[in-house]
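# Observations on chain architecture
One-letter residues, chain by chain:
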Amino acid sequence: MQNRANHRFMKRMSRTGSTTTTTQRVVAHRERRRAAGHVLVNVDLPGDLVEAIDRLKEAHGVRSRAPIIEEALRFYIEKQQGA
């Protein structure tokens, strides 16, 4: 746990030669996502559902759960609207 907490503050050299912390990179990433029209949503899910999402994530070769959840929600909403 201690290593994980320290990792947040580790600095990394960027392509331009400046150093940024993990926190700064996350903030910049979230700002880019927000500018692209995305909204950050936090949700508690049952463990078995998260495990299923993680299996799909691995099978599709994506780095995060977000695209899997986004696709599932789009499919669900489209199905509900078509019903």
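None of these values were measured; they are calculated from a predicted model.

### Some details on helix 3 (residues 47-60)
Along its 14 residues, helix 3 runs 20 Å from first to last C-alpha, staying within 8% of the 20 Å computed at 1.5 Å per residue. After helix 3 finishes, the residue Gly61 shows a positive phi value of roughly 70 degrees.

### Structural notes on the pattern of salt bridges
Inspection of every chain in the model, using the stated rule, returns two salt bridges. With a closest N to O distance of 2.7 Å, Arg65 and Asp54 form a salt bridge. Highlighted residues: Arg65 in the loop between helix 3 and helix 4 (66-82) and Asp54 in helix 3, separated in sequence by eleven residues. A residue is classified by how much of its surface remains accessible, and Asp54, at 22% relative accessible area, is partly exposed.

Thresholds applied
- Counting restarts for each chain: residues are numbered from 1 in the order of the written sequence.
- Given that the model is predicted, a residue must reach a pLDDT of at least 70 before its local features are reported, and side-chain atom pairs must reach 80 or more before they are shown or counted; all residues, however, enter totals for whole chains, interfaces and linings.
- By convention in this description, side-chain values take in all heavy atoms of the structure and omit both hydrogens and water.
- Numbering of helices and strands starts at the N terminus; helices are DSSP runs of H or I of at least 4 residues and strands are runs of E of at least 2.
- Multiplying 1.5 Å by the helix residue count minus one yields the expected span of that helix.
- Any Lys or Arg side-chain nitrogen found within 4 Å of a carboxyl oxygen on Asp or Glu counts as a salt bridge.
- Exposure classes here rest on a 1.4 Å probe applied to the protein chains alone. A residue is buried below 20% of its type maximum, exposed above 50%, and partly exposed in between.

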